[in-house]
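Fold and contact review
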Amino acid sequence: MDNKISVVIPFFNAEKTLKRAIESVMSQSLSDYELILINDGTQDNSVSVAQPYTNHERVRLFNQMNQGVSAARNLGGSHARGEWLLFLDADDQLRPGFLQTLSEEITQATNYDYLIFGINRIKGKEGEISLPVDGQYFSRIPGTFVIKKSVFDHVGGYDERFRFAENTELFHRLELINAKGRNIPFVSLNYFDNPSGGSKNLKNMVNSLSLFLNLHSGTLSPHVKHLYHQIIGVNWMRFRNFSQARHHLLNAIKYKPTKMATWGRFGLACFPILAKSFYSETVKYD
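Residues numbered from 1 in each chain as written. Predicted model: local features only at pLDDT ≥ 70, side-chain atom pairs only at ≥ 80, totals over all residues. Heavy atoms only, no water.

Turning next to the overall build of the protein chain. Across its full length, the protein chain holds 11 helices and 9 strands. Computed over C-alpha atoms, the radius of gyration of the protein chain comes to 20 Å, within 12% of the 19 Å expected from 2.2 N^0.38 for 286 residues, which places it in the range of a compact globule. The principal-axis extent of the C-alpha atoms belonging to the protein chain is close to 60 × 40 × 35 Å. A fraction of 74% describes how many contacts in the protein chain between residues 6 or more apart in sequence connect residues 24 or more apart. Approximately 14,000 Å² of the protein chain is accessible, and the part contributed by carbon and sulfur atoms is 51%. (Helix = DSSP H or I, 4+ residues; strand = E, 2+ residues; numbered from the N terminus. Rg over C-alpha atoms; globule rule 2.2 N^0.38 Å. Contact = heavy atoms within 4.5 Å. Areas by Shrake-Rupley, 256 points an atom, 1.4 Å probe, with all protein chains shown as cover.)

To continue, consider unusual backbone geometry. If you check the backbone angles, asparagine 13 has positive phi at about 50° while not being a glycine. At asparagine 178, a residue that is not glycine, the phi angle is positive and equals roughly 60°. In this fold, asparagine 178 is placed in the loop between α6 (166-176) and β9 (181-192).

Below, the discussion takes up the pattern of salt bridges. One pass over the full model with this rule turns up 8 salt bridges. As a salt-bridge pair, glutamate 166 and arginine 73 come within 3.0 Å of each other at their nearest N and O atoms. Of this pair, glutamate 166 sits in helix α6 while arginine 73 sits in helix α3 (residues 69-79), and the two are 93 residues apart along the sequence. For the pair shown, glutamate 166 and arginine 73 are each scored as buried. For the salt bridge of lysine 123 with aspartate 193, the shortest nitrogen-to-oxygen distance reads 3.8 Å. Remark: aspartate 193 occurs in the loop between β9 and α7 (202-215) and lysine 123 occurs in strand β6 (residues 114-123); sequence separation between them is 70 residues. (Salt bridge = Lys/Arg side-chain N within 4 Å of Asp/Glu carboxyl O. Buried < 20%, exposed > 50% of the residue type's maximum accessible area, 1.4 Å probe, protein only.)

A word on the packing of aromatic side chains. Counted according to the given criterion, the structure contains 11 aromatic pairs. Taken together, the aromatic side chains of Phe87, Phe152 and Tyr158 make up a single cluster linked through ring pairs. Lying over the aromatic face of tyrosine 191, arginine 121 brings its terminal NZ or CZ to 5.5 Å of the ring centre. The ring of phenylalanine 239 is capped by lysine 203, whose NZ or CZ atom sits 4.1 Å from the centre of that ring. (Phe/Tyr/Trp six-rings, centres within 6.5 Å; stacked < 30°, edge-to-face > 60°. Lys NZ or Arg CZ within 6 Å of the ring centre and 35° of its normal.)

It is worth spelling out a nonpolar patch on the surface at this point. The grouping of Phe271, Leu274 and Phe278 at the surface amounts to a nonpolar patch, some 350 Å² of accessible area in total. Relative to the elements of secondary structure, phenylalanine 271 occurs in the loop between α10 (260-269) and α11 (272-278). (Patch = residues over 30% accessible without salt bridge, like charges linked within 9 Å, V, L, I, M, F, W, Y side chains within 5 Å.)

Listed as buried for α3 are Ser70, Ala71, Ala72, Arg73, Asn74, Gly76 and Gly77. Residues of α3 that are buried in the fold lie against β1 (5-11), β2 (33-40), β3 (59-64), β4 (84-87), α5 (149-154) and α6.

Regular strands place their side chains on alternate faces of the sheet. Taking burial as the measure, the 6 residues of β3 include 5 buried ones, the bulk of the element. Pairing between β2 and β3: 6 bridges, direction parallel. Among the inter-strand pairings, leucine 37 is bridged to a residue of β3, identified as leucine 61. (Pairing = 2+ DSSP bridges.)

Our next topic: helix α1 (residues 18-26). Taken together, the buried positions of α1 are occupied by Leu18, Ala21, Ile22, Ser24 and Val25. Burial along α1 is one-sided: seen end-on, the buried residues are contained in an arc of 155°. (Arc of directions from axis to C-beta.)

All right, on to the pairing of β2 then. With respect to burial, β2 is a largely interior element, 8 of its 8 residues being buried. By the alternation rule, side chains of β2 split into Tyr33, Leu35, Leu37 and Asn39 and Glu34, Ile36, Ile38 and Asp40, which are all buried. Relative to β2, β1 runs parallel, the two sharing 7 bridges. The residue of β2 that forms the bridge with isoleucine 9 is leucine 37. At this point the chain moves from β1, through α1, to the parallel β2, and the crossover so formed is right-handed. (Right-handed = clockwise from strand over helix to strand, strands pointing away.)

In contact at an axis separation of 11 Å, helix α8 (residues 222-238) and α10 are set at 25° when each is read in the N-to-C sense. By the angle between their directions, the pair α8 and α10 is classed as roughly parallel. For the element pair α8 and α10, the recorded crossing hand is left-handed. In this structure, α8 contributes His226, Gln230, Val234 and Met237 to the contact, and α10 contributes Thr262, Arg265, Leu268 and Ala269. When the residues that make up the contact of α8 with α10 are grouped by side-chain class, the tally is 4 nonpolar, 3 polar and 1 charged. (Axes fitted to C-alpha atoms, helices over the stretch in contact; angles between N-to-C directions. Parallel < 35°, antiparallel > 145°, perpendicular 65-115°, else oblique. Left-handed = near helix turned anticlockwise from the far one by under 90°. Nonpolar A, V, L, I, M, F, W, Y, C, P; charged D, E, K, R; others polar.)

Attention now moves to the side chain of histidine 248. Inspection of the secondary structure assignment puts histidine 248 in helix α9 (residues 242-255). Note on histidine 248: relative accessible area 9%, which makes it buried. Those residues in contact with histidine 248, other than ones at most four positions away along the chain, are His229, Ile232, Gly233 and Trp236.

Structure below.
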């Protein structure tokens, strides 16, 4: 079966949204693609939702024990037959007509290793569209980028230890090999903000950002090091481990010593009773 694009959808306990994600691919006008579904050890009825679609010649389903989304995406990538990989989360949705636009862009992208598209962030009934702009940072969310399979394989795919910022870490390694990307002013994805999503887990955040700093300390900018140490420090205050909070906030200050807000957070970490009134142990996502 010939195809240029392999779409990979990992799922875990996604029975309420998986059909929407799959249908957003199956309803595309372009037929030159394959769809790979990865069951990451789901514990609900997601497999029952996915199974009927495997009757289509372009859809394949693979199963693994629960290992996390990075491992699931890697498994999908390893089975992909397409030249380009498009990852899509099970609670999001491709926009109509995207694969046709993608196919046309790929034809002209022979000198590029990845392409970045825009996003429609949906919270409740409201949507907010963002497009990538050259020279400005743009968050890389599955469904907003495609990458050549050969390049994905070359950098080793996703680091399966990451449960947060795994896309940022992947693109950092792409930058280290001078992979060439192109921004496309076209919205590819409806992203549904999910308060209970894995990216909102604070422990995943702390563990992954700490790993990020350890792995890439020699190649991260002072700005990023400051940002990550500050995020970790604030979360350690939420965990009520104030010595760790002070350690990371001091590291943040080292990279941006004139940032008064960070000094203020360090001061709070020195007075736990006061810090507890500023930082609760849980976070509300409005």
